[in-house]
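If you want the building blocks of each chain, they are given just below.
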Amino acid sequence: MSQVGGFVRKVLRAAHGQLKNVSIVFVDDRTMRKLNRQFRHQNKTTDVLTFPDDDSCEIVISIEQARRQARAEQHSLATEVRYLLLHGLLHALGYDHETDNGEMNALELDVREKVGLPL
């Protein structure tokens with residue numbers, strides 16, 4: 001667990017962000033589909049959802065989707081989970097790649113480099 005906490009702190013430092021509490025939950029595709037339908041009105045699984053709340057957040061990761069993505073990208077599940085955590089943390093800090101004209105994507109690449117994740 002300390003490795004995950006250390007990675008979260010590293011990402012927040014690299015992104016110049018602060019969060020007091022970060023909860024991380026791993027779920028199966030069925031649960032993720034239900035959450036995605038409930039909160040985003042999309043009836044499909046997704047890899048990561050972020051639920052920000054003031055200076056805290058909950059990040060939900062579909063471990064099944066993460067495994068598929070890791071296989072497709074030919075890297076480890078641990079690496080994929082780090083990508084998803086980074087992505088979720090940026091959402092928790094207020095970034096939204098669907099509406100920000102590439103700002104979040106550029107920051108994500110910058111933070112990946114700073115924390116030692118392959119681009």
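Residues numbered from 1 in each chain as written. Predicted model: local features only at pLDDT ≥ 70, side-chain atom pairs only at ≥ 80, totals over all residues. Heavy atoms only, no water.

Side chains that differ in sign of charge can pair as their charged atoms come close. On inspection of all chains with the given rule, the structure shows five salt bridges. A salt bridge links Glu108 to Arg112; its shortest N-O distance comes to 3.8 Å. Residue Glu108 and its partner Arg112 are both found in helix H5 (residues 103–115); the two are separated by four residues, about one turn of the helix. Considered together, Glu108 and Arg112 belong to a single accessibility category, that of buried residues. (Salt bridge = Lys/Arg side-chain N within 4 Å of Asp/Glu carboxyl O. Helix = DSSP H or I, 4+ residues; strand = E, 2+ residues; numbered from the N terminus. Buried < 20%, exposed > 50% of the residue type's maximum accessible area, 1.4 Å probe, protein only.)

This next bit is on the nonpolar core. Val11, Ile59, Ile61, Leu86, Leu89, Val111 and Val115 are the most contacted members of the largest nonpolar core, which totals 25 residues. Every element with two or more residues in this core is listed here: helix H1 (2–14), strand E3 (56–62), helix H4 (77–92) and H5. Setting aside residues no more than four positions away along its own chain, Val111 makes contact with Val11, Ala14, Ala15 and Leu86. Among the nonpolar cores identified, the runner-up in size contains five residues, and Val27, Met32, Leu49 and Val60 belong to it. (Core = buried A, V, L, I, M, F, W, Y, C linked by side-chain atoms within 4.5 Å. Contact = heavy atoms within 4.5 Å.)

Another aspect to go through is the sheet that holds E3. Taken in spatial order, the three strands make up an open sheet running E1-E3-E2, and their pairing is mixed. At either end of the open sheet lies a strand with only one pairing partner, and these are strand E1 (21–27) and strand E2 (48–53). Neighbour-to-neighbour, the strand axes of the sheet open up by a mean angle of 15°, direction not taken into account. In this structure, E2 lies alongside E3, joined through six bridges in antiparallel fashion. The residue of E3 that forms the bridge with Pro52 is Cys57. On top of the sheet, helix H2 (residues 29–40) reaches E1, E2 and E3; it is set at about 50° to E2, its chief contact. (Pairing = 2+ DSSP bridges. Axes fitted to C-alpha atoms, helices over the stretch in contact; angles between N-to-C directions.)

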